[in-house]
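Secondary and tertiary structure notes
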Amino acid sequence: MAGIGFELKHRIPDASLLGHARRLSFAAVIAGGPWIFSIITLLIMTIISLHAGMSRQSLQQFLVTNTYLIAHAQIISGGFQLTLTRYTADLIFTQQQHLVFGNLLGNVITVSVISMPIGVWLATSLHTMPLAFRCLSAMALPIFCIIWVCILFLSSIKAYRAMTAALLFSYGCIVMQVLLADSHSPTQLLLAFVSGHLIAVLLLMILIWRAYPGHLTVSFSALRWTPTTRRLMLCGLFYNSAIWIDKFIFWLSPGLSKPIAGWFHASLIYDLPIFLANVAIIPGLAIFLLTTETDFATKCQRYFKRLNADATLNELLELKQDLVNSYREGLILLCKVQALTSLILFTYSEPLFNLLHIEPIYRPIFCVDLMGMSFLMLLMSQLNTLFYLNQLRTALQLTIALLLSNGLLTAASVRAGLSFYGYGFSTAALVTCVLGFYLLNNTFTQLEIKSLLQRD
């Protein structure tokens, strides 16, 4: 993501407060990408459909189905995103950019082949829904997976205005279809949502082709089963599974959920608070993109460049100290921004809930989940730092720890009762974050030794 931060600083060099605010705004939009646009679009679709007389039950069927599809798309495509990112970086380093698009096509084909049967299986779970709705659901999963695979290229495409315009146009098409519909049903809403994302896929592929023109031949080189590929695949799979496992536990817990569409369940007590808490990390993402990672990426590039140029041990020690200082400064800034955001939301949660007409019973769970999302934001910065330092084994250990702790602690919180809902996820994020600082400290301590051994 550092490429975006560099580009924003170049395109918006204004050092004033207004200029910094503009960079943060663009960074938030680019960091969130389709995620932010999807949330806004779904909210608009909800308002339009309810105003048109659509029943809340039908609307819930559409929203819950989309949630399940997005969850499975993130889990399936997570490993492909990381492996393709790493391989693309290698191609750019070796001046072979003409091979990038071919490897993207190979990943898109592979993830589509994997997700199609899973999409059909999920569609069979919607046995209470019309046949057209089930067919659209089966088609939607591969499209959502391709969207997530394409997202990684947003970090290297410099035409961020064109990218933002493409997403706005795609999601605008969704809203227009809903506005122009004669009647509103879950099938019609899903058709609009899927077609809009298909348009987004086509537009993003065009932007990627313009950024990396070359051979149109399909290549699967990025998927060669090496130790690096295996660890990246597992990191993506375990991390995205860890993000969703607490939701699945609540969805599958009797008494805490209810069937909405076929076998798809929703947990009314947990889904809304965790959704609102997710939105709260947008400021942290923007800061992380624009400041933390940009500065650290520069220092990291300098370190490995000198390493490959046969730098002495003393030189590596000095460069390592620059890395540590850069990470520390970025971490402090990230903590300040996320703490301020959380404090504001804690303070004004009551008027916010009243404004959104949300029952007060959700507030305690929202506050707990908000703390968990803040710890998760720190964990994301740790994982990204480990990826930059090529410490994939350590990153894999962290993702496994998050998956196991979130699953076990969430299950325990469900058994403990209402007062403990949300504490499973938040505690798991905190424990894994503390473990991450311990492992990252060890990584920095031994970095020059490991680097010299790898060089030799």
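Above: the structure in question.
Quick caveat: nothing in here was measured; it's all calculated off a predicted structure.

Parameters and conventions
- Residues numbered from 1 in each chain as written.
- Predicted model: local features only at pLDDT ≥ 70, side-chain atom pairs only at ≥ 80, totals over all residues.
- Heavy atoms only, no water.
- Helix = DSSP H or I, 4+ residues; strand = E, 2+ residues; numbered from the N terminus.
- Buried < 20%, exposed > 50% of the residue type's maximum accessible area, 1.4 Å probe, protein only.
- Contact = heavy atoms within 4.5 Å.
- Areas by Shrake-Rupley, 256 points an atom, 1.4 Å probe, with all protein chains shown as cover.
- Salt bridge = Lys/Arg side-chain N within 4 Å of Asp/Glu carboxyl O.
- Core = buried A, V, L, I, M, F, W, Y, C linked by side-chain atoms within 4.5 Å.
- Pairing = 2+ DSSP bridges.

This brings us to the overall build of the protein chain. Across its full length, the protein chain carries 17 helices and two strands. Put simply, the protein chain has 456 residues, and 54% of those count as buried. The contacts of the protein chain with a sequence gap of at least 6 include a subset with a gap of at least 24, amounting to 80%. Taken as a whole, the protein chain presents about 20,700 Å² of accessible surface, with 68% of it coming from carbon and sulfur.

Let us now look at the pattern of salt bridges. For side chains bearing opposite charge, pairing can occur when the charged atoms are close. Throughout the structure, instances matching the rule amount to three salt bridges. In this structure, the salt-bridge partner of K247 is D246, at a minimum N-O distance of 3.5 Å. The same class applies to K247 as to D246, namely buried. Linking R363 and E350 is a salt bridge whose minimum nitrogen-to-oxygen distance equals 3.9 Å. With a gap of 13 residues between them, R363 in helix α14 (residues 363-388) and E350 in helix α13 (residues 349-355) connect regions that are remote in the sequence. For R363, a relative accessible area of 26% translates into the label partly exposed.

The next thing to look at is the nonpolar core. Of all hydrophobic cores here, the largest spans 124 residues; its most connected members are M45, F62, L104, L323, L376, L389 and F444. Excluding residues within four positions of it along the chain, L323 makes contact with F296, K299, C300, Y303, L389, F444 and L447.

Here strand β1 (residues 258-261) pairs with strand β2 (residues 264-266) via three bridges, running antiparallel. Paired with P259 across the bridge in β2 is H265. Taken together, β1 and the strand that follows it, β2, pair antiparallel across an intervening segment of two residues, in which G262 is found at a positive phi of about 60 degrees.

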